[in-house]
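A look at the structure
For reference, the chains in residue letters:
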Amino acid sequence: MAQFFSVHPDNPQIRLLKQAVQLLNQGSVLAVPTDSSYALVCHLDDKNAVDQLRRIRGVDEKHHLTVLCRDLSELANYAKVDNRQFRAIKQATPGAFTFILEATKEIPRRVSHPQRKTIGLRVPDHKVLQELLALHGAPLLAATLILPDEEQPLNDPENIRERLEHQVGAVIDAGACSLEPTTVIDMTGDEPEILRHGQGDPARLGL
């Protein structure tokens, strides 16, 4: 049964987030709030947890998963970023943007796109998630919490717990999030390409 951690959105209880980190380290998938919509997260290096995350979402290895980083310096460890890309990303970070970039060797091959060797990366602007990342001490792998055959992300923590009771280790409740996922921007070409319009305003990158 999924645990339920109700935390303050601006001043989250650290003891509860530490319990959530323990679950991540034990191989659980968690449902967490972000600055866009709720997301599923797990340990980056845990194959079983990654497989479970994909099962819940109903996606295969060609679906870009996202690495959540605390800041840009951390992001650079997991993606190959040139000066042009870095300047553009800096304008929209932290924020509700996911950037598709070429993965470094720090990203397990089973996590990156099998043909393109790319990965989604982002720095969220959400106090609870930032605290969770800090306590975890490393990035987390994530996917928007949209269930198979549905178009909208789940937004109500109680509903998430009810529907995913036996599939996630815990739900972190920090109140409702936006119903809009991130804006996804492919940075691997000569010019940035918007793959999905979402919460993030592309004007922040001059697009």
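So, here is what we can say about the structure in this document. Along each chain, residues carry numbers from 1 onward, in the same order as the chain's sequence is written. The predicted nature of this model means local features are confined to residues of pLDDT at least 70 and side-chain atom pairs, given and counted, to a pLDDT of 80 or more, with totals for whole chains, interfaces and linings taken over all residues. Hydrogens and water are ignored here; the side-chain numbers use all heavy atoms of the structure.

**Some words on helix 4 (residues 83–91)**
Relative accessible area decides the class of each residue, using a 1.4 Å probe on protein chains only: under 20% of the type maximum gives buried, over 50% gives exposed, and in between gives partly exposed. In this text, helices come from DSSP runs of H or I with a minimum length of four residues, and strands from runs of E with a minimum of two, each type numbered from the N-terminal end. All of the buried residues along helix 4 are Gln85, Ala88 and Ile89. In an axial view of helix 4, the angular spread of the buried residues amounts to 95°, which keeps them on one side of the axis. Opposite the buried face of helix 4, at more than 90 degrees from it, the exposed residues are Asn83, Arg87 and Lys90. The term polar contact refers here to a pair of N or O atoms within 3.5 Å; inside protein, the definition further demands a hydrogen-donor-capable atom paired with an acceptor-capable atom, and it admits residues adjacent in sequence only when both atoms are side-chain atoms. If you check the start of helix 4, you find a side-chain oxygen 3.1 Å away from the backbone N of Arg84, and it comes from Asp82. Directions drawn from the helix axis to the C-beta atoms are what define this arc.

**Structural notes on the nonpolar core**
Note on soluble globular proteins: their nonpolar side chains tend to be buried together. We call a set of buried residues a nonpolar core when its members are Ala, Val, Leu, Ile, Met, Phe, Trp, Tyr or Cys and they connect through side-chain atoms within 4.5 Å of each other. Counting residues in hydrophobic clusters, the biggest one holds 43 residues, and the most contacted among them are Leu40, Phe99, Leu121 and Leu145. Contributing elements (two or more residues each) for this core: strand 3 (39–43), helix 2 (47–57), helix 3 (72–78), helix 4, strand 6 (97–103), strand 7 (118–122) and strand 8 (140–144). Note on contacts: a residue pair is in contact if any heavy atoms of the two residues lie within 4.5 Å. Here Leu40 is in contact with Val29, Leu30, Ala31, Leu53, Ile56, Arg57, Leu141, Ala142, Ala143, Leu145, Leu164 and Val168, once residues within four sequence places are set aside. Formed by 21 residues, the second largest nonpolar core is a distinct cluster that contains Phe5, Leu24, Val128 and Ala170.

**Considerations on the side chain of Arg57**
In this fold, Arg57 is placed in helix 2. Here the positive residues are Lys and Arg and the negative ones are Asp and Glu; neither His nor the chain ends is included. For this document, the term salt bridge refers to a Lys or Arg side-chain nitrogen within 4 Å of an Asp or Glu carboxyl oxygen. This buried residue, Arg57, is left without a salt bridge; Glu150 holds the nearest opposite charge, at 9.3 Å. A polar side-chain atom of Arg57 sits 2.9 Å from the main-chain carbonyl oxygen of Ile146. Non-local contacts of Arg57, meaning those with residues more than four positions away in its chain, are made with Leu40, His63, Ala143, Thr144, Ile146 and Pro148.

**Things to note about the packing of aromatic side chains**
Side-chain rings of Phe, Tyr and Trp (the six-membered ring for Trp) are treated as a pair once their centres are within 6.5 Å; stacked means planes under 30 degrees apart, edge-to-face means over 60, and tilted covers the remaining angles. Under the definition given, this model contains one aromatic pair. Judged by centre distance (6.1 Å) and plane angle (15°), the rings of Phe97 and Phe99 are stacked.

**Focus on the state of the cysteines**
Here, a disulfide means two cysteine sulfur atoms that sit within 2.5 Å of each other. Scanning the model with the defined rule gives zero disulfides in all. Distance from the sulfur of Cys69, which forms no disulfide, to the nearest cysteine sulfur (Cys42) is 14 Å. Taking relative accessible area as the criterion, Cys69 reaches 0% and is therefore assigned buried. With no disulfide partner, Cys177 has as its closest neighbouring cysteine sulfur the one in Cys42, 18 Å distant. Judged by its relative accessible area of 12%, Cys177 falls in the buried class.

**Side note on the side chain of Asp186**
Mapping Asp186 onto the fold places it in strand 10 (residues 183–186). Here the side chain of Asp186 touches Thr188 through a polar contact of 2.5 Å, side chain to side chain. Beyond its immediate chain neighbours, meaning those up to four positions away, Asp186 contacts Ile100, Arg116, Glu191, Pro192, Glu193 and Leu195.

**Topic: the packing of helix 1 (residues 14–25) against helix 5 (residues 127–136)**
Interhelical geometry of helix 1 versus helix 5 gives an angle of 60° and a closest axis separation of 9 Å. One way to sum up the angle between helix 1 and helix 5 is to call them oblique. In this structure, helix 1 meets helix 5 at a crossing whose hand is right-handed. Every residue of helix 5 that contacts helix 1 at Ile14, Leu17, Lys18, Ala20, Val21, Leu24 and Asn25 is listed here: Val128, Glu131, Leu132, Leu135 and His136. Here an angle of 0 to 180 degrees is reported between the N-to-C directions of two axes, which are lines fitted to C-alpha atoms, with helices fitted over the stretch in contact. An angle counts as roughly parallel when it lies under 35 degrees, as roughly antiparallel when it exceeds 145, as roughly perpendicular when it falls between 65 and 115, and as oblique in every other case. A crossing counts as left-handed when the near helix is turned anticlockwise from the far one by less than a right angle, and as right-handed when that turn is clockwise.

Coordinates in, geometry out; function isn't part of it.
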